[in-house]
Amino acid sequence: MLRKIYDWCIDAAHKPYALWILGMVSFAESSFFPIPPDVMLIPMSLARPQRAWFYAALCTVTSVAGGVVGYAIGALLYDSVGHWLIQLYGYGDKVEAFRAGYAQWGAWIILLKGLTPIPYKLVTITSGFAGYDIWLFILFSIIARGGRFFIVAVVLNRYGVVIREQIEKRLGLWVTIGAVVLVLGFVIAFKLV
C-alpha cells in the first residue's frame, strides 16, 4: 500500500492536478489538517527535482494563506471552532500559558515552531486568539514556512537522485521515520505549550 501511495505521488508530479492537491494540503495543514504537505512535496520534488523550488514556493504561499485562516479561527471563532480544534489536538489546558508567552516571545514562537514538525495550526490559531499583530504573523510565517519548504527544495534539488534511491530501497523505514517525526512533533508541541 505504501508503495502505491508513493508511486501515485511520484506519478502525480507530472499531472496538473497535483499542484492543486499539494496546495490544498499545505493550506489545510496550517489551519486544521494533521498531515503535513511534505507527504506530497518530497515525492513530487524527487520525481521532478528541477521543480522543487516551485513546489516549495507553492507550499509557502498556500501554507501562509492557510495560516491566515487559522489566525482568523483563533481571532474570530475561538469560542466555537478554534476551541474545538485546540481540544481535538489535546492542547486545551495549555492555551493560556501559550497565549501569555506571546507577549514576550511571539516572534520566536512563530519562527521556531514554523520550521519544525510541531503542528503549525496550533501556532496559527493561538496567534489569532492572542491577538498577535497580523502583519508580523504573516511576515514571520513567510520566513518560517518558506525556510522549511525551501530547505527541503535545496536538499532534494541537489541530492534528489541519491535520496530517491534510498527512499525507494527502504520505503517502509522512511515512512516509519516520517510518522515517528510527526508523532514526536505532536508530543513536543504538547510538552512545550
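This text follows the structure it describes.
The notes below deal with the structure included here. The residue count restarts for each chain, going from 1 along the sequence in the order it is written. Reporting of local features is limited, given that this is a predicted model, to residues whose pLDDT is at least 70; pairs of side-chain atoms are given and counted only at 80 or more, and all residues count toward the totals for whole chains, interfaces and linings. For the side-chain quantities, the full set of heavy atoms in the structure was used; hydrogens and water were omitted.

What follows concerns the overall build of the chain. Of the regular secondary structure elements, the chain holds nine helices and zero strands. The way it works is that DSSP assigns letters per residue, a run of H or I at least four long becomes a helix, a run of E at least two long becomes a strand, and they are numbered from the N terminus. Along its sequence from the N terminus, the chain presents helices and strands in the succession α-α-α-α-α-α-α-α-α. Counting only residues that meet the buried cut, the chain has 45% of its 193 residues in that class. Whether two residues are in contact is decided by their heavy atoms: any pair within 4.5 Å suffices. The long-range fraction of contacts in the chain, counting pairs at least 24 apart against all pairs at least 6 apart in sequence, stands at 78%. Method for areas: the Shrake-Rupley scheme with a 1.4 Å probe, in which residue coverage is limited to the protein chains shown. As displayed, the chain offers around 9900 Å² of accessible surface, 73% of which is attributable to carbon and sulfur atoms. Exposure classes here rest on a 1.4 Å probe applied to the protein chains alone. A residue is buried below 20% of its type maximum, exposed above 50%, and partly exposed in between.

In this scheme Phe, Tyr and Trp rings, the latter by its six-membered ring, pair at centre separations within 6.5 Å, and the angle between planes marks the pair as stacked below 30 degrees, edge-to-face above 60, and tilted otherwise. In total, this model carries three aromatic pairs according to the counting rule given. A cation over an aromatic ring shows up here: Arg-145 above the ring of Tyr-120, its NZ or CZ 4.4 Å from the ring centre. Both a distance and an angle decide whether a charge sits over a ring: NZ of Lys or CZ of Arg must be within 6 Å of the ring centre and within 35 degrees of the ring normal.

Basic side-chain nitrogens of Lys or Arg form a salt bridge, by our definition, when they fall within 4 Å of a carboxyl oxygen of Asp or Glu. Evaluation of the coordinates by the stated rule reveals two salt bridges. Between Arg-145 and Glu-29 there is a salt bridge, and its shortest N-O distance comes to 2.6 Å. One end of the pair, Arg-145, is in helix H8 (residues 134-169); the other, Glu-29, is in helix H2 (residues 17-29), with 116 residues separating them in the sequence. A salt bridge links Asp-38 to Arg-148; its shortest N-O distance comes to 2.4 Å. A residue pair is termed long-range when its members are at least 10 positions apart, and Asp-38 in helix H3 (residues 38-47) and Arg-148 in helix H8 qualify at 110 residues. Each member of the pair, Asp-38 together with Arg-148, is buried.

The next subject is the environment of Ala-65. With respect to the element layout, Ala-65 can be found in helix H4 (residues 52-76). Owing to a relative accessible area of 35%, Ala-65 belongs among the partly exposed residues under this scheme. Once the C-alpha coordinates of Ala-65 and Ser-26 are considered, the two residues, 39 residues apart in sequence, prove to be 9.2 Å apart.

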